[in-house]
Amino acid sequence: MDDTELKIRKLAKSVYWQNLYSASKTIQGVHLFNNDTNYTSLQLKFLYWLSVYEMLYEELAQHKDEYLTEKVIEDDIRTNAYLLYRNKKYDHMWKKMRLDEKMSEHKNKHPKKHLSGEMNLIEVDMRK
Amino acid sequence: MEFNDELLQDVLTDLETLSSNQELIIDNKLPFLYEGMTYEVRMPTQRDLVKAESVRNQKFVELIKQPNTLRTKDLIKVLKDNQNIDILEMEKQIKELETQERDLYLSLAQVKDGSEKTIQSFKDKIVEVKNKRYEICLEKVSLLAVSIENQCRDEYYRYLTSVCTFKLVLRDEANNEEWKHVWNSFAEYDNEVNKIALVALGQLTRMLIQV
């Protein structure tokens, strides 16, 4: 992680910028930057990390995951680790949800097959 | 909350860091100091970007007419055939190290607070794998730097640096200041002997292509 990224993340997770970010979404006239267009890549990166830390603080407050703690948010490497784990977890959950939906649709289309135990998982078309 | 000297010092340090780092994001300019002078690089306008593309294309045409210049894919072949340097193998190693790094991150994510030794051990391994990956990436970039595409890309950013860099100068005897272009033309930038040309280039790329 280079020095610039460290600085940007330190700003993004600070109380000051989190409050300003929150205010900029609801209060007209509160702007994060002096420019309204033509954002630098640093500004875009900063916006990304503002939204990430906002999400992490919200999930921490809701005790959403046993592995998310204040110490994790304070540590950039541990935060990266948690974000990767979280993506994998939600990716797995999303795939399972889709499979359950498809199974349910298939069951409604072919009720007799399900009752007779003939239903085969391979018949469920995940492409649609 | 008890308000003591240590806490006060922490708050002051944080405020100082906050104000010094804010220059990175507060607007679409990046100020910097060099040899006692204040400079800034500004985001290029659409016109600057169009002109930079034109400069890149001109460089491309110039280079393909010259002998002993190679496109990236040809340079990769020459490196393999003549120097036994396998760029594709390097790319494969980079991908493997990325996978290793990912697996280490996933393991670290599931270590709870309190297991400080384990946490530190994973962090050390991640840094080790990252550094190995950067080493190979840097070597690959350095080997391919002379390709036509990379020379054209460098020309593109050098042009943008020449038009987007300003310095703060005194306007009059009343100590009023104003921002002025450092170089009046790309040719002038090209002939610059001072390191400011490289420093400004670094700042511009920092502003434009931080990934």
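Below you will find a few notes about this structure. (Residues numbered from 1 in each chain as written. Chains lettered and ligands numbered in written order. Predicted model: local features only at pLDDT ≥ 70, side-chain atom pairs only at ≥ 80, totals over all residues. Heavy atoms only, no water.)

A word on the overall build of chain A
For chain A, the helix and strand inventory stands at 6 helices and 0 strands. Moving toward the C terminus, one meets the helices and strands of chain A in the order α-α-α-α-α-α. In chain A, of all internal contacts separated by at least 6 residues, the share reaching a separation of at least 24 is 51%. Per element, the accessible surface of chain A, about 8200 Å² overall, is 55% carbon and sulfur. (Helix = DSSP H or I, 4+ residues; strand = E, 2+ residues; numbered from the N terminus. Contact = heavy atoms within 4.5 Å. Areas by Shrake-Rupley, 256 points an atom, 1.4 Å probe, with all protein chains shown as cover.)

Observations concerning the interface of chain B and chain A
With 35 residues of chain B at the contact, the number on the chain A side is 37 residues. For the pair chain B and chain A, the summed buried area comes to about 3200 Å², and 60% of that belongs to carbon and sulfur atoms. Seen at the junction of chain B and chain A, the total is 3 salt bridges. Between Arg78 of chain A and Asp113 of chain B there is a salt bridge whose closest N-O contact spans 2.8 Å. On inspection of chain B and its partner chain A, the count reaches 14 residue pairs in polar contact (both at pLDDT 80 or more). Going through the elements one at a time, α1 (5–21), α4 (87–109), α5 (116–144) and α8 (196–208) of chain B are the ones with two or more residues in the side of chain B that touches chain A. (Buried area = accessible area lost by both parts, 1.4 Å probe. Salt bridge = Lys/Arg side-chain N within 4 Å of Asp/Glu carboxyl O. Polar contact = N/O pair within 3.5 Å; in protein donor to acceptor, adjacent residues only side chain to side chain.)

Some details on the packing of aromatic side chains
Residue and element names in this part refer to chain A. With the rule as written, the count across this model stands at 13 aromatic pairs over all chains. Taking 5.4 Å as the distance between ring centres and 85° as the angle between the ring planes, the aromatic pair formed by Tyr67 and Tyr85 counts as edge-to-face. Of this pair, Tyr67 sits in the loop between α3 (41–61) and α4 (70–74) while Tyr85 sits in helix α5 (residues 76–109), placing them 18 residues apart in sequence. Since its relative accessible area comes to 16%, Tyr67 is described here as buried. Ring pairs connect the aromatic residues Tyr16, Trp17, Phe33, Tyr39 and Phe46, which therefore count as one cluster. We note Arg9 situated over the ring of Trp49; from NZ or CZ to the ring centre the distance is 3.8 Å. (Phe/Tyr/Trp six-rings, centres within 6.5 Å; stacked < 30°, edge-to-face > 60°. Buried < 20%, exposed > 50% of the residue type's maximum accessible area, 1.4 Å probe, protein only. Lys NZ or Arg CZ within 6 Å of the ring centre and 35° of its normal.)

Looking at the pattern of salt bridges
Residues and elements named next belong to chain A. Going through the model one piece at a time under the given rule, you end up with 29 salt bridges over all chains. In this structure, the salt-bridge partner of Glu105 is Lys102, at a minimum N-O distance of 3.6 Å. With a gap of 3 residues between them, Glu105 and Lys102 both fall in helix α5, about one helical turn apart. A relative accessible area of 10% places Lys102 in the buried class.

Side note on the sheet that holds strand β2 (residues 37–42) of chain B
All names here are of chain B. Here 4 strands make up an open sheet; going across it, the order is β1-β2-β3-β4 and the pairing antiparallel. The strands lining the two open edges of the sheet, one partner per strand, are β1 (29–34) and β4 (177–181). Sheet twist, expressed as the mean angle between neighbouring strand axes with direction ignored, is 35°. Taken together, the 3 bridges between β2 and strand β3 (residues 165–170) define a ladder with antiparallel strand orientation. The residue bridging Glu40 from the neighbouring strand is Phe166, located in β3. The strands touched by helix α6 (residues 148–164) are β2, β3 and β4; relative to β3, the strand with the most contacts, the crossing angle is about 20°. (Pairing = 2+ DSSP bridges. Axes fitted to C-alpha atoms, helices over the stretch in contact; angles between N-to-C directions.)

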